Every structure is written in C-alpha cells, then in structure tokens.
Amino acid sequence: VQLQASGGGWVQPGGSLRLSCASCEPTFSNYAMGWFRQAPGKERHIVAGIGRNAENTYYVDSVKGRFTISRDNAKNTVYLQMNNLKPEDSAVYYCAAAIGPKDAVVVGAEGYVYWGPGTLVTVSS
C-alpha cells in the first residue's frame, strides 16, 4: 500500500492547514488509518486515528478540539484538518495504514504496517 501525504507547509500560530493522504490501493477501506508526527529530537507518536468506516476516531489530548481526522473511502483519502495551530504542532506528519478489526482505531505505532513519506508542518511567526 503506497501512501502519499500532502498539504504541509508554513503557517502562523492560530492558522489552519489540511493534510491529505492519498492511496491507490483499491482495498483502502479495509485499513484503519492514522496520522503521526515527529518533531526534531522526539519520538514519533500518534496524533489522530480513524477506523475503517470512520465511525470511530481517536485524538491525542494535545490536539482535541483543534484537529479533525476524516476519510473518504471513495477517494482512497484520509484527511487531517488542523485548526488553531500552535508552534508545538510543528513536526513532520506521517499518515499510516493499519489492519484492524472491524471499525477499531489502532493507536499504537506498532500496529501500522504501511507508512507514507511524511509532510513538514511549521508553525511560527
């Protein structure tokens, strides 16, 4: 499964960005999806996850109320809408695909089997 993330860039604090992650995989809807981020000198960790049918979602506490994960299985794409961005949100963002049961969200990175190359988000004034 090939994943390609896009939408990163530079934005001022308080601004918004929407990340997209597209796949050509015809069975995209069979995968739980997640967005991870890794800041310089820090470990990669999950930001948000979504189940196969989008009924279940997960957010790390630091982004709750600001970020929204969604997916369009007809377009084989998962999105991350990021609002009210803060400098601490600056990182390389990765999308990933996991094989999970039914519509479960996969939270641990070890559960993800396919990873995209990442897109850089910089939040600064």
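Residues numbered from 1 in each chain as written. Predicted model: local features only at pLDDT ≥ 70, side-chain atom pairs only at ≥ 80, totals over all residues. Heavy atoms only, no water.

**Q** How should I be thinking about the packing of aromatic side chains in this particular structure?
**A** The description of an aromatic ring pair rests on the distance of the ring centres and on the angle between the ring planes. As enumerated under the stated definition, the model contains four aromatic pairs in all. Centre to centre, the rings of Tyr112 and Trp115 are 6.1 Å apart; their planes meet at 55 degrees, and the pair counts as tilted. We classify Tyr112 as buried; its relative accessible area is 5%. The rings of Phe36, Tyr112 and Trp115 are connected pair by pair, giving a single aromatic cluster. It is Arg44 that lies over the ring of Tyr94; its NZ or CZ is 3.8 Å from the centre. It is Arg44 that lies over the ring of Trp115; its NZ or CZ is 4.8 Å from the centre. (Phe/Tyr/Trp six-rings, centres within 6.5 Å; stacked < 30°, edge-to-face > 60°. Buried < 20%, exposed > 50% of the residue type's maximum accessible area, 1.4 Å probe, protein only. Lys NZ or Arg CZ within 6 Å of the ring centre and 35° of its normal.)

**Q** Hey, could you run me through the sheet that holds strand β7 (residues 67–72) in this one?
**A** Pairing between the strands of a sheet comes from backbone hydrogen bonds, and it takes one of two forms, parallel or antiparallel. Strand order in the open sheet formed by four strands is β1-β3-β8-β7, and the pairing between neighbours is antiparallel. Edge strands, defined here as strands with exactly one partner in the open sheet, are β1 (3–6) and β7. Going from strand to strand, the sheet's axes swing by 15 degrees on average, the running direction of each strand aside. Note: β1 against strand β3 (residues 17–23), four bridges, orientation antiparallel. Residue pairing for β3: Ala5 is matched across the bridge by Cys21. (Pairing = 2+ DSSP bridges. Helix = DSSP H or I, 4+ residues; strand = E, 2+ residues; numbered from the N terminus. Axes fitted to C-alpha atoms, helices over the stretch in contact; angles between N-to-C directions.)

**Q** Hey, could you run me through the side chain of Arg71 in this one?
**A** Note on placement: Arg71 falls in strand β7. Lacking a salt bridge, the buried Arg71 has Asp103 as its closest oppositely charged neighbour, with an N-O distance of 6.1 Å. Within polar-contact distance, the side chain of Arg71 engages the backbone oxygen of Phe28 at 3.1 Å. Engagement of the side chain of Arg71 in a polar contact is seen with the side chain of Asn73, the distance being 2.7 Å. In contact with Arg71, other than residues within four places in its own chain, are Phe28, Ser29, Tyr31, Ala32, Met33, Ile50, Gly51, Arg52, Ala54, Thr77, Val78 and Tyr79. (Lys, Arg positive; Asp, Glu negative; His and termini not counted. Salt bridge = Lys/Arg side-chain N within 4 Å of Asp/Glu carboxyl O. Polar contact = N/O pair within 3.5 Å; in protein donor to acceptor, adjacent residues only side chain to side chain. Contact = heavy atoms within 4.5 Å.)

**Q** Please explain the pairing of strand β5 (residues 45–50) as it appears in this structure.
**A** In regular strands, side chains alternate between the two faces of the sheet. Counting buried residues along β5, five of its six residues qualify, which places the element largely inside the surrounding structure. Relative to β5, strand β4 (residues 32–38) runs antiparallel, the two sharing five bridges. In the sheet register, Phe36 faces β5, and the bridge partner there is Ile46. Taken together, β4 and the strand that follows it, β5, pair antiparallel across an intervening segment of six residues, in which Gly41 is found at a positive phi of about 80 degrees. Bridge analysis of β5 against strand β6 (residues 57–59) gives three bridges, and the strand direction is antiparallel. For Gly49, the partnering residue across the bridge sits in β6 and is Tyr58. From the end of β5 to the start of β6, which pair antiparallel, there are six residues, and Ala54 there has a positive phi angle of about 70 degrees.

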